[in-house]
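The primary structure of each chain is shown beneath.
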Amino acid sequence: MDDCPDRNRLIKQWHKAVQAFSKSVSRLRVCHRDAGKFADQYQATELARVQAEDAHVKLELHRTEHGC
Ligand SMILES: [Zn+2]
């Protein structure tokens, strides 16, 4: 299999985004008793989830366009 630098970069981005999302979910568990903090953290978690999805879509697109 060819080593595609773009694909590697996109995989790293996706990995980072998933890790950020995972950390954000962990924080929800810590602050769930504080309604205000929970709402803020929930928003941040949603954003992290969307970013992780976005990174995944970019990798899918690259694989489709590049055939790698
Ligand atoms: Zn590629």
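The structure we're discussing is the one just above.
For clarity, every value in this text was computed on a predicted model and none was experimentally measured.

1. Regarding the overall build of the protein chain
A count of helical and extended segments in the protein chain gives two helices and zero strands. On C-alpha atoms alone, the protein chain measures out to a radius of gyration of 15 Å, which is more than a quarter above the 11 Å that the 2.2 N^0.38 rule sets for 68 residues. If you line up the protein chain on its principal axes, its C-alpha atoms span 50 × 15 × 10 Å.

2. Digging into the nonpolar core
If you look at the biggest cluster of nonpolar residues, it comprises five residues: Trp 14, Ala 17, Phe 21, Ala 52 and Ala 55. Elements with a contribution of two residues or more to this core: α1 (5-31) and α2 (35-66). In terms of residue count, α1 provides more of this core than any other element does, three residues in total. Ignoring any residue separated from it by four or fewer positions in sequence, one finds Phe 21 in contact with Ala 48, Arg 49 and Ala 52.

Conventions we followed
- Numbering of residues starts from 1 in each chain and follows the order in which that chain's sequence is written.
- pLDDT decides what is reported in this predicted model: residues at 70 or higher carry local features, side-chain atom pairs at 80 or more are listed and counted, and totals for whole chains, interfaces and linings draw on all residues regardless.
- Helix numbers and strand numbers start at the N terminus; a helix is a DSSP run of H or I with at least 4 residues, a strand a run of E with at least 2.
- The size measure is the radius of gyration over C-alpha atoms, and the globule rule it meets is 2.2 Å times the number of residues to the 0.38 power.
- The term nonpolar core refers to a set of buried Ala, Val, Leu, Ile, Met, Phe, Trp, Tyr and Cys residues connected through C-beta atoms within 7 Å.
- To assign burial, the other C-beta atoms lying within 10 Å of each residue's own C-beta are counted, with C-beta atoms placed from the backbone; 20 or more indicates buried, 12 or fewer indicates exposed, and intermediate counts indicate partly exposed.
- Residues are treated as contacting if the C-beta atoms built from their backbones sit within 7 Å of each other.

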